[in-house]
Amino acid sequence: METSKPAKAVKNAVKTASGKIADALTPDVPGAPGSAPPSVEEPTTPHDPLPPKPAQGAPQTGTPTGAETGVPATAKGQQGAYLTTANGARLRDTDHSLKAGPRGPVLLQDHHLREKITHFDHERIPERVVHARGAGAHGVFTAYGTAEAVTRAGFLKKGRETDVFVRFSTVLGSRGSADTVRDTRGFATKFYTDEGTFDLVGNNMPVFFIQDAIKFPDIIHAGKPHPDREIPQAQSAHDTFWDFVSLHTEAQHHTIWNMSDRGIPRSYRTMEGFGVHTFRLVNEAGETVLAKFHWKPKLGVHSLTWEEAQLLGGMDPDFHRRDLYDAIEAGAYPEWELGIQVFPDTPEETFAGVDLLDPTKIVPEELAEVQPIGRLVLNRTPTNFFAETEQVAFHLGHLPQGIDVTNDPLLQGRLFSYVDTQLTRLGGPNFTQIPINRPHAAVNDMLRDGFHQHAVHAGVAPYRPNSLDGGNPFPAGDAEHAFVDVPVTVAQAPKVRANPASFDDHYSQVRLFWSSMSPVEKDHIIRAYTFELGKCYHQAIKERQLQCLANIDPVLCEQVATGLGLPAPQPTEPLADVTPSPALSQVGREWPSDGRMVGIVVDPDGDLDGVDEVRRAVFAAGMVPLLIAPHAGVVGGMPVQRTFATGRSVEFDAVLLAGAPAPAPDAVPARDATAGTPATVDPRVLLLVEESWRHAKAVGAWGAGVTVLEQAGVAGTPGVVTAGSGPEALAAVQQLMAAHRVWERFPATVA
Ligand code: HEM
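Cut-offs used in this document
Note that residues are indexed from 1 along each chain, following the sequence as it is written. Only residues with pLDDT of at least 70 are given local features in this predicted model, and only at 80 or more are side-chain atom pairs given and counted; all residues enter the totals for whole chains, interfaces and linings. Values shown for side chains rest on all heavy atoms present in the structure; no hydrogens or waters enter the calculation. Secondary structure follows DSSP: runs of H or I at least 4 residues long count as helices, runs of E at least 2 residues long count as strands, and numbering of each begins at the N terminus. Between the two quantities, the radius of gyration covers C-alpha atoms and the globule rule is 2.2 Å times the number of residues to the power 0.38. Classification of residues uses two cut-offs on accessible area relative to the type maximum, computed with a 1.4 Å probe and protein chains only: under 20% is buried, over 50% is exposed, and between them is partly exposed. The positive count covers Lys and Arg only, the negative count covers Asp and Glu only, and His and the chain ends enter neither. To locate a charge, the coordinates of NZ of Lys, CZ of Arg, CG of Asp or CD of Glu are taken. With water excluded from the atoms, a metal site may look incomplete; its donors are any N, O or S atoms within 2.8 Å, or within 3.2 Å for Na, K and Ca. Side-chain atoms alone can form a polar contact between residues adjacent in sequence; in general such a contact is a pair of N or O atoms within 3.5 Å, and within protein one must be able to donate a hydrogen while the other accepts it. Residue proximity to a molecule or strand is established when one non-hydrogen atom of the residue lies within 4 Å of it. Polarity classes work like this: nonpolar for Ala, Val, Leu, Ile, Met, Phe, Trp, Tyr, Cys and Pro, charged for Asp, Glu, Lys and Arg, and polar for all others, with Gly in that last group. What a helix should span is 1.5 Å times the count of its residues minus one. Any two residues whose heavy atoms approach within 4.5 Å at even a single point are treated as in contact. Residues enter patches when their relative accessible area tops 30% and they take part in no salt bridge; the joining distance is 9 Å for like charges and 5 Å for the nonpolar side chains Val, Leu, Ile, Met, Phe, Trp and Tyr. In this description, accessible areas are obtained by the Shrake-Rupley approach with a 1.4 Å probe, and a residue is regarded as covered only by the protein chains that are shown. Each reported salt bridge corresponds to a side-chain nitrogen of Lys or Arg within 4 Å of a carboxyl oxygen of Asp or Glu. One requirement defines pairing of two strands: DSSP has to find at least two bridges between them. Nonpolar cores were defined as sets of buried Ala, Val, Leu, Ile, Met, Phe, Trp, Tyr and Cys residues, with membership established by side-chain atoms within 4.5 Å. The axes are straight lines fitted to the C-alpha atoms, using for helices just the contacting stretch, and the angles between their N-to-C directions are given from 0 to 180°. Each Phe, Tyr or Trp ring (for Trp, its six-membered ring) is paired with any other whose centre lies within 6.5 Å, and the angle between the two planes then decides the class: stacked below 30 degrees, edge-to-face above 60, tilted in between. Counting as a charge over the ring demands two things of the Lys NZ or Arg CZ atom: a distance within 6 Å of the ring centre and an angle within 35 degrees of the ring normal. In predicted models, pLDDT denotes the confidence assigned by the predictor to each residue on a 0 to 100 scale. The path from the first strand over the helix to the second decides the hand: if it runs clockwise while the strands point away from the viewer, the crossover is right-handed. Each angle gets one of four labels, with under 35 degrees taken as roughly parallel, over 145 as roughly antiparallel, 65 to 115 as roughly perpendicular, and the rest as oblique. Take the far helix as your reference; a near helix turned counterclockwise from it by less than a right angle gives a left-handed crossing, and one turned clockwise gives a right-handed crossing.

1. Section: the overall build of the protein chain
If you tally the helices and strands in the protein chain, you get 17 helices and 21 strands. For the protein chain, the C-alpha radius of gyration of 28 Å lies close to 27 Å, the compact-globule estimate for 751 residues. Taken over the C-alpha atoms alone, the protein chain extends approximately 85 × 80 × 55 Å along its principal axes. Looking at the protein chain as a whole, 52% of its 751 residues are labelled buried. Averaging the locations of the 65 positively and 89 negatively charged side chains of the protein chain gives two centres separated by 4 Å.

2. Some points on the coordination of the iron atom of the ligand
Of all protein atoms, just one serves as a donor to the iron atom of the ligand, and that atom is Tyr418 (OH), at 1.9 Å. Residue position: Tyr418 is located in helix H9 (residues 409-425).

3. Quick notes on the side chain of His294
Along the chain, His294 turns up in strand E8 (residues 288-297). Given the relative accessible area of 6%, His294 is considered buried. Polar side-chain contacts of His294 include one of 2.9 Å to the side chain of Gln341.

4. A word on the site of the ligand
Close contacts around the ligand come from 23 residues, with Arg128, Arg167, Arg414, Tyr418 and Arg425 the closest. Within the contact set of the ligand, a nitrogen atom lies 3.2 Å away from a side-chain nitrogen or oxygen of Arg414. Between the ligand and the protein, one listed contact pairs an oxygen atom with a side-chain N or O atom of Arg425 at 2.7 Å. Within the residue set of the shell around the ligand, elements represented by two or more residues are strand E4 (185-193), strand E5 (196-203) and H9. With 7 residues, the single largest contributor to the shell around the ligand is H9. Residues belonging to the shell around the ligand are distributed by class as follows: 11 nonpolar, 8 polar and 4 charged.

5. Points about helix H11 (residues 519-534)
With 16 residues, H11 ought to run about 22 Å at 1.5 Å a step, and its terminal C-alpha atoms sit 22 Å apart, in line with that. Residues of H11 that are buried include every one of Val520, Glu521, Lys522, Asp523, His524, Ile525, Ile526, Ala528, Tyr529, Thr530, Glu532 and Leu533, and no others. Lining the buried residues of H11 we find helix H4 (239-247), helix H5 (252-259), helix H10 (508-515), helix H12 (539-550) and helix H13 (554-564).

6. Some details on a nonpolar patch on the surface
Taken together, Val460, Tyr463 and Leu468 make up a surface patch of nonpolar side chains, about 330 Å² in accessible area. One can find Val460 in the loop between H9 and H10. The exposure class of Val460 is exposed, given its relative accessible area of 58%.

7. Notes on the environment of Asp553
In this structure, Asp553 sits in the loop between H12 and H13. Given a relative accessible area of 10%, Asp553 falls into the buried group. Along the backbone, Asp553 and Trp514 are 39 residues apart, and their C-alpha atoms lie at a distance of 7.9 Å. Residue contacts for Asp553: discarding those within four places in its chain leaves Arg511 and Trp514. At a separation of 2.9 Å, a polar atom in the side chain of Asp553 contacts the side chain of Arg511.

8. Describing the pairing of E5
Taken across its 8 residues, E5 has 8 buried, putting it largely inside the fold. Looking at chain direction, E4 and E5 are connected through 8 bridges and run antiparallel. Following the sheet pairing, Ala188 is matched in E5 by Val201. Connecting the antiparallel pair E4 and E5 is a turn made up of 2 residues.

9. Things to note about the nonpolar core
Grouped together as the largest cluster of nonpolar side chains are 52 residues, with contacts concentrated most on Phe141, Phe168, Phe191, Phe293, Trp295, Leu324 and Leu378. Among the elements that take part in this core, strand E2 (residues 134-143) stands out by supplying 5 residues, more than any other. Beyond its immediate sequence surroundings of up to four residues, Leu378 is in contact with Ala137, His138, Gly139, Val164, Val166, Phe168, Leu324, Ile328, Tyr333, Pro334 and Trp336.

10. Some remarks on the sheet that holds strand E19 (residues 654-657)
As summarised here, the arrangement of the 6 strands in space is E18-E15-E14-E19-E20-E21, forming an open sheet in which the pairing is parallel. Only two strands of the sheet have a single partner each, and these edge strands are strand E18 (642-643) and strand E21 (720-723). Note: strand E15 (residues 624-629) against E18, 2 bridges, orientation parallel. Bridging across to E18, Ile628 finds its partner in Arg642. Of the strands in this sheet, strand E14 (597-601), E15, E19, strand E20 (698-702) and E21 are in contact with helix H15 (residues 683-694), which crosses E19 at around 140°. Relative to E20, helix H17 (residues 726-737) is tilted by about 170°, and along the sheet it contacts E19, E20 and E21.

11. Structural notes on the packing of aromatic side chains
Enumeration over the complete set of coordinates arrives at 24 aromatic pairs. Considering the side-chain rings of Phe198 and Phe293, the 5.9 Å spacing of their centres and the 50° angle between planes classify their relative orientation as tilted. Placement of Phe198 in strand E5 and of Phe293 in strand E8 is noted, with a sequence separation of 95 residues between them. Each of the two residues, Phe198 as well as Phe293, counts as buried. An angle of 50° between the planes, with centres 5.0 Å apart, marks the rings of Phe343 and Phe351 as tilted. For the residue pair Phe343 and Phe351, the accessibility class agrees, reading buried in each case. Arg182 extends its terminal NZ or CZ atom over the ring of Trp306, reaching a point 5.0 Å from the ring centre. In this structure, Lys190 packs its charged tip against the face of Phe394, placed 5.2 Å from the ring centre.

12. Here we look at the confidence of the model for the protein chain
The predicted model of the protein chain averages 93 in pLDDT, with 95% of residues at 70 or higher. Every residue in residues 1-27 scores below 50 in pLDDT, and together they form 53 contacts with partners more than four places removed in sequence or on other chains.

13. Regarding the pattern of salt bridges
Applying the stated criterion across every chain yields a total of 36 salt bridges. Linking Arg269 and Asp323 is a salt bridge whose minimum nitrogen-to-oxygen distance equals 2.8 Å. Remark: Asp323 occurs in helix H7 (residues 319-329) and Arg269 occurs in the loop between H5 and strand E6 (273-274); sequence separation between them is 54 residues. No difference in accessibility class separates Arg269 from Asp323, as the two residues are buried. Measuring nitrogen to oxygen at the nearest pair gives 2.7 Å for the salt bridge that ties Glu272 to Lys296. One end of the pair, Glu272, is in the loop between H5 and E6; the other, Lys296, is in strand E8, and 24 residues separate them in sequence.

14. Digging into the environment of Pro232
Its location among the elements puts Pro232 in the loop between helix H3 (216-223) and H4. Along the primary structure Pro232 and Pro582 are separated by 350 residues, whereas in three dimensions their C-alpha atoms are 35 Å apart. Excluding anything up to four places from it in sequence, Pro232 contacts Pro225, His226, Ala237 and His238.

15. Here's the deal with the pairing of E21
Here 4 bridges tie E20 to E21, and the two strands are oriented parallel to one another. Residue pairing in the sheet places Val699 in a bridge with Val720 of E21. Viewed along the sheet, the connection from E20 through helix H16 (residues 705-712) into E21 turns out right-handed.

16. Re the packing of H11 against H13
Running from N to C, H11 and H13 cross one another at 40°; their axes reach a closest spacing of 9 Å. Compared by their axis directions, H11 and H13 come out oblique. Crossing handedness for the pair H11 and H13: right-handed. Here Ile525, Ile526, Tyr529, Thr530, Leu533 and Gly534 of H11 come into contact with H13, specifically with Leu556, Gln559, Val560, Gly563 and Leu564. In the contact of H11 with H13, the residues fall into 7 nonpolar, 4 polar and no charged.

Here it is as structure tokens:
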């Protein structure tokens, strides 16, 4: 994979001869709202709306039926310089309602007042019943051509570029919940192919809680807040969740993924994605294979620590959303490779003993390699969050020719559920006409009328066969890339409410996952189960889940039982003999550090030339530097992004210490617990270093910064480097960041 484009900020930083940015107060890190710096005075000279920010994209502006309008995709919704009504009448005043004299009463005839308030009253739509909290971005998918032998899908032909929109999400929380909670993450991708839209509606975990869609309301009711008090929000650490998963034990595999570090990703950019179900691919010759889709992040799979996730829930509940948008704005475009595991399409629909229709099972990558078929780059943020991210509607039935569904009973139920919920959420049957949902293929669908109809359909015969519209629309064939319903043989069988016997194995792959973890990952899993079950009130539920853990692994069970103060039960099922799958572990490989956040602690009386030099070096390395100083504003001509009061270690992937700043005037312990006891170095800087150390992050120092390491008591420990200059310290830190964390700083309690 190629490296991402240099950060936009690098260009800003290098274009001034002085070596300092021109306007020190112009933000040169991503995230500043608006596309132009605001004036202090209210602007009064009429002019057209400002352009969007350079990093912002928008849906194509084709018509609801796919005709090109020629309007640029970044055109704004609003036009002209003047305030108008929704019908375009220019207005003189929007600050006062029309009254009978200055002291009222307000007149009912004030159309502008009523229109403004009425529209406001209806601004909210129902949030998604699940995956309500999410963030989306635009991008492009480029096919390698390596899937051409197995699928006729045009967008997978070599070199084809397809526009995409991706929405990442949590599952359980409400729309306003925190990003960093322990949960599964949605990873839904809309490919606007010229053969119709393809929605790959996946998660960051390859298995699901249930095998049959009829259980979806049950697992979600169990995971959502308790119906009587509506707590806890966005969490599985409560009785109803554990009540369900310990009784409905097919959920145990997905549950251990949630309890692992995968449940608290560092960033959307560092998540794998999975289509979960097995799909059927069909090629030009009509031959079929079964396949599973995988997204592999360029930056590797990387997670938060539990303490970081908890701190971020308060410090920055929008952490993942901000990270996604800041990375795109900085030019560090998030990237994934799409890959497929391919299996022969046999009547049994199994591979290496794994039932491919069971969504609680994986096929280890060591048994079926993930073959890369294309690259996804997210390169534009939404122009309008509501219009794009809230209104996007995914559906598993959105398939182009060459990709078809299988009989996975979870997948089959999903085919019904999404459009059904969207009818309510998006207010009627015409939501495919909302700009973000419009296909980039020509549409001639005979669907008519309904709420919010945007297309002005011509003709008189929206039916087939017809002669009054000249027979249009006509059925397509192979030559016109028509969708292929693969003629799979359906076995003659009695009508039953039952699962295949292979679905009864609920533990062997949970044990496979556990056995594939490194000691530190196992340690995190133990602590996650102990925390979650420790938050349950009922001992019976804890005991029941401990029984499930005993059927996974005795060490796991014993350690969690110890934490809960309960006896560890014996297994009730034989422990499966499994071969670990190293691909499941996040530890042990090295990854690029593009777009990672480097905090630089600055002493205004210290080595500011050195700070400037290292700041440029961070930009040049494709990462984002954030200066942390005693006060806001400017230090040495450089903009300060965080103060000792507003910054916290959890925002940074690594920390560089350019000095040993003395306690700032606002380091007042009586007012702020983080201000600590005054020392020669500001106590919040010491806290920053201690936390970074505890979270196994790389820390580097040079010059007076070395004093901070000594005062924090971390000098000379693994992953804490000192150097003769800032760039040297950065180089050493960047090398450490390749492994994501300094793993040896986590003491593991299990082998
Ligand atoms: C493999 C299992 C599943 C995966 C990977 C999955 C994934 C997702 C994702 C990523 C979203 C968010 C889409 C967005 O960003 O707008 C979503 C939403 C949703 N899912 Fe699932 N889901 C699964 C199973 C199910 C099942 C079994 C049902 C119901 C039978 C279901 C019903 C829903 C509903 C109703 C929504 C909200 C859709 C909307 O309001 O637009 N899901 N799911």
